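Chain and residue survey
Spelled out, the chains give:
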Amino acid sequence: MGWRYRPGRGRGPEKARPAVTEKLPPEVLRIFHEKGFSAPLVGVTGGKGGVGKTTVAVNLACALADLGHRVGLVDADVDGPNAAILLGVPLEDSRPVTIAVPVIDATRCTSCGECVRACRAHALFLPRAEAPLLLGACNGCGTCGIVCPEQAVGEEQRLVGRTYRSVRGLLTLYSGELVPSVEESTLVVNGLWQRVRGEADAHDILLVDTSPGTHCNVINALRGADDVLAVTEPTPLGAHDLELMLGLLDLFELKGEVVLNRCDLPGDAGKILAAAGRHGRSVAATIALDAQLVRSYAEGTPVVRAHPGVPSALSLGRLAADLAARHLP
Ligand code: SF4
Ligand code: SF4
């Protein structure tokens, strides 16, 4: 008997809760928890967009750097990277992420259609008695070239995204960005991690800001995480999506706690506490929505630096100190 998990993207209350019918096989968990470097990795995630996940990640990164730690902040939300904007730094040190896409030699092609049938991405279209055309989202798997009996399939590199690295003092921001119209965000996430892994141990601690939701890119971004902060807000949708996220953490046996952002919104914080309790998770921090937090968001200066004495900054500073005490010698 296998296991089932229904991912959600955090769009609305109609989604079902994750259906976990069995624990993941130990071999899957072992591979999932391998990270390939020794610096602690903390995931900052949230079941839905707009809960302030990136604000929390950016402020924690700054607070940890201001405590004297070398911090790598990975913005793995390649569909909408905005950590650089909130940090107020430009994207620098660009590197392309490319894939090899097929180029078909029409003079060799017999229009047999083997490549079209073999393409699991349905990226090839076969016009009548002509060479196939690449119309869909090719993932660069190379299968079409392998199955072609006429050696008619060559390849060329196509740009799918870019990765960036911006260094400010003890803080290094790694960002990935998908080229518009490209769908394969996993390729850019993988390119970003390849870059981060190459220099991960130059940092004392790494924080990864994931995409919202509980889909494959989020799971990929949380691979090897030593700790996860699930950011939410006291709204019905926040409580619902927190359940999905905590189900994901349970399934992958990830350590983690809840961060209740905008705790003073006129919502129902009791539902958040109840959801956390059902999953045996504690609330690591509650963060007030004070005017300075909103202003710092608009100005692109993290609140822990712009207004270190306000309640939101104090909560974020305490959470950073807790992370340091837990993960750093
Ligand atoms: S490389 Fe893979 S995904 Fe791309 S067209 Fe060929 S078979 Fe399809
Ligand atoms: S498998 Fe080769 S010969 Fe057949 S349609 Fe594709 S490119 Fe042409």
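Residues numbered from 1 in each chain as written. Chains lettered and ligands numbered in written order. Predicted model: local features only at pLDDT ≥ 70, side-chain atom pairs only at ≥ 80, totals over all residues. Heavy atoms only, no water.

Things to note about the overall build of the protein chain
In terms of helices and strands, the protein chain carries 12 helices and 11 strands. Here the C-alpha radius of gyration of the protein chain, 22 Å, is about what a compact globule of 329 residues would show, namely 20 Å. With the C-alpha coordinates of the protein chain rotated into their principal frame, the extents come out at 70 × 45 × 35 Å. The long-range share in the protein chain, meaning contacts at least 24 apart out of those at least 6 apart in sequence, stands at 75%. The centroid of the 33 positive side-chain charges in the protein chain is displaced by 2 Å from the centroid of its 36 negative side-chain charges. (Helix = DSSP H or I, 4+ residues; strand = E, 2+ residues; numbered from the N terminus. Rg over C-alpha atoms; globule rule 2.2 N^0.38 Å. Contact = heavy atoms within 4.5 Å. Lys, Arg positive; Asp, Glu negative; His and termini not counted. Charge placed at Lys NZ, Arg CZ, Asp CG, Glu CD.)

A word on a nonpolar patch on the surface
A cluster of nonpolar side chains, contributed by Phe125, Leu133 and Leu135, occupies part of the molecular surface with about 310 Å² of accessible area. Overall, Phe125 belongs to the partly exposed group, its relative accessible area being 43%. (Patch = residues over 30% accessible without salt bridge, like charges linked within 9 Å, V, L, I, M, F, W, Y side chains within 5 Å. Areas by Shrake-Rupley, 256 points an atom, 1.4 Å probe, with all protein chains shown as cover. Salt bridge = Lys/Arg side-chain N within 4 Å of Asp/Glu carboxyl O. Buried < 20%, exposed > 50% of the residue type's maximum accessible area, 1.4 Å probe, protein only.)

Observations regarding the sheet that holds strand E10 (residues 256-261)
As a general point, the strands of a sheet are linked pairwise by backbone hydrogen bonds and lie either parallel or antiparallel. Strand order in the open sheet formed by nine strands is E3-E6-E7-E2-E8-E1-E9-E10-E11, and the pairing between neighbours is mixed. Two strands lie at the open edges of the sheet, namely strand E3 (95-104) and strand E11 (283-287), each paired on one side alone. Direction aside, neighbouring strands of the sheet carry axes that sit 20° apart on average. Where helix H6 (residues 185-199) meets the sheet, its contacts fall on strand E1 (41-45), strand E2 (71-75), E3, strand E6 (153-168), strand E7 (171-178) and strand E8 (205-209), and the angle it forms with E6 comes to roughly 50°. (Pairing = 2+ DSSP bridges. Axes fitted to C-alpha atoms, helices over the stretch in contact; angles between N-to-C directions.)

What about the site of ligand 1?
What surrounds ligand 1 is the set Pro102, Cys119, Ala121, Leu124, Leu134, Cys138, Asn139, Gly140, Cys141, Gly142, Thr143 and Cys144. Grouping the constituent residues of the shell around ligand 1 by class yields eight nonpolar, four polar and no charged. (Near = heavy atom within 4 Å. Nonpolar A, V, L, I, M, F, W, Y, C, P; charged D, E, K, R; others polar.)

With respect to helix H8 (residues 236-251)
With 16 residues, H8 ought to run about 22 Å at 1.5 Å a step, and its terminal C-alpha atoms sit 23 Å apart, in line with that. Burial of H8 is extensive: 13 of the 16 residues sit out of reach of the surface. Positive backbone phi, approximately 50°, marks Glu253, located one or two places after H8. (Expected span 1.5 Å × (residues − 1).)

Looking at the packing of helix H2 (residues 53-66) against helix H12 (residues 311-327)
The geometry of H2 relative to H12 is characterised by a closest axis approach of 9 Å and an angle of 65° between their N-to-C directions. Remark: the crossing between H2 and H12 carries right-handed chirality. Residue-level contacts link Val56, Asn59, Leu60, Ala63 and Leu64 of H2 to Leu316, Gly317, Leu319, Ala320, Leu323 and Ala324 of H12. Here the contact of H2 with H12 is built from residues that sort into nine nonpolar, two polar and no charged. (Left-handed = near helix turned anticlockwise from the far one by under 90°.)

Description of unusual backbone geometry
For Glu253, which is not glycine, the phi torsion reads 50° and is therefore positive. As for its placement among the helices and strands, Glu253 is situated in the loop between H8 and E10. With a phi close to 50°, Arg262 is a non-glycine residue in the positive phi region. Its place among the elements puts Arg262 in the loop between E10 and helix H9 (269-278).

Re the packing of aromatic side chains
Working definition: an aromatic ring pair is given by the centre-to-centre distance plus the angle between the planes. Under the counting rule described, the total for this entry stands at one aromatic pair. An angle of 40° between the planes, with centres 4.4 Å apart, marks the rings of Phe32 and Phe252 as tilted. Taken together, the residues Phe32 in helix H1 (residues 26-32) and Phe252 in the loop between H8 and E10 connect sequence positions 220 residues apart. A relative accessible area of 5% places Phe32 in the buried class. The exposure class of Phe252 is buried, given its relative accessible area of 7%. (Phe/Tyr/Trp six-rings, centres within 6.5 Å; stacked < 30°, edge-to-face > 60°.)

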